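The primary structure of each chain is shown beneath.
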Amino acid sequence: MDVTVVDNAAARRFEARTPTGEVAGFAAYTRSDRAVTFTHTVVEPAFEGAGVGSALAATALAAVRAEGLAVIPQCPFIRAYIERHPEYADLVQH
């Protein structure tokens with residue numbers, strides 16, 4: 001599925017948007033000076049199985065890395081994504 005992932009900082013979530021602007025899913029977070037805590041990820045039922053969750057996770061984690069912050073993966077989806085993609089393991093705050 002063709003989605004664009006953007007950081008909606010006002011809503012404290014990364015959003016996957018379709019070409020028409022519809023929100024297909026989001027990854028909610030809280031933020032401190034040192035880390036981004038991912039708390040919940042939702043993919044709307046109409047978009048499940050289309051790679052929306054993976055696009056959200058990859059883009060969100062890349063954005064956190066670019067800011068030089070750590071990740072606290074409270075969300076089971078983000079935690080599982082990191083486990084399947086060890087290139088993001090260095091971001092996890094222990």
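In this text, all values refer to a predicted model and were calculated from it rather than measured experimentally.

Engineer: An account of the side chain of E15 is needed here, citing residue identities and associated values.
Structural biologist: Structurally, E15 can be placed in strand β2 (residues 13–17). Residue classification places E15 among the buried residues on the basis of a relative accessible area of 3%. Polar contacts involving the side chain of E15 include one to the side chain of R17, which spans 2.7 Å.

Engineer: Describe the sheet that holds β2, listing the residues and the values that go with them.
Structural biologist: Within the open sheet, the five strands sit side by side as β1-β2-β3-β4-β5. Their pairing is mixed. With one partner strand each, in any of the chains shown, β1 (4–8) and β5 (70–73) form the two edges of the open sheet. Ignoring strand direction, the axes of neighbouring strands in this sheet form an average angle of 30°. Two strands pair when backbone bridges link them, and β1 and β2 are joined in this way by five bridges, in the antiparallel orientation. Looking across to β2, one finds that D7 is bridged to F14. Contacting β1, β2, β3 (23–31), β4 (35–43) and β5, helix α1 (residues 52–67) crosses the sheet at an angle of about 165° to β4.

Engineer: Give me the packing of aromatic side chains: which residues, what numbers.
Structural biologist: Here the structure, examined in full by the defined rule, presents four aromatic pairs. Each ring, one from F14 and one from F38, has its centre 6.2 Å from the other, and the planes form 35°; the classification is tilted. In this pair, F14 sits in strand β2 while F38 sits in strand β4, placing the two residues 24 residues apart along the sequence. With relative accessibility at 3%, the residue F14 sits in the buried group. Residue classification places F38 among the buried positions, given a relative accessible area of 0%. Ring centres 6.3 Å apart and planes at 70° place the aromatic pair Y29 and F38 in the edge-to-face group. This pair shows no difference in class: Y29 is buried, exactly as F38 is. In textbook terms, an aromatic cluster arises when at least three aromatic residues are bridged by ring pairs, as seen for F14, Y29 and F38. Over the ring of F26 we find R13; its NZ or CZ atom is 4.2 Å from the centre of that ring.

Definitions and limits used
Residues numbered from 1 in each chain as written. Predicted model: local features only at pLDDT ≥ 70, side-chain atom pairs only at ≥ 80, totals over all residues. Heavy atoms only, no water. Helix = DSSP H or I, 4+ residues; strand = E, 2+ residues; numbered from the N terminus. Buried < 20%, exposed > 50% of the residue type's maximum accessible area, 1.4 Å probe, protein only. Polar contact = N/O pair within 3.5 Å; in protein donor to acceptor, adjacent residues only side chain to side chain. Pairing = 2+ DSSP bridges. Axes fitted to C-alpha atoms, helices over the stretch in contact; angles between N-to-C directions. Contact = heavy atoms within 4.5 Å. Phe/Tyr/Trp six-rings, centres within 6.5 Å; stacked < 30°, edge-to-face > 60°. Lys NZ or Arg CZ within 6 Å of the ring centre and 35° of its normal.

On their own, these measurements won't tell you what the molecule is for.
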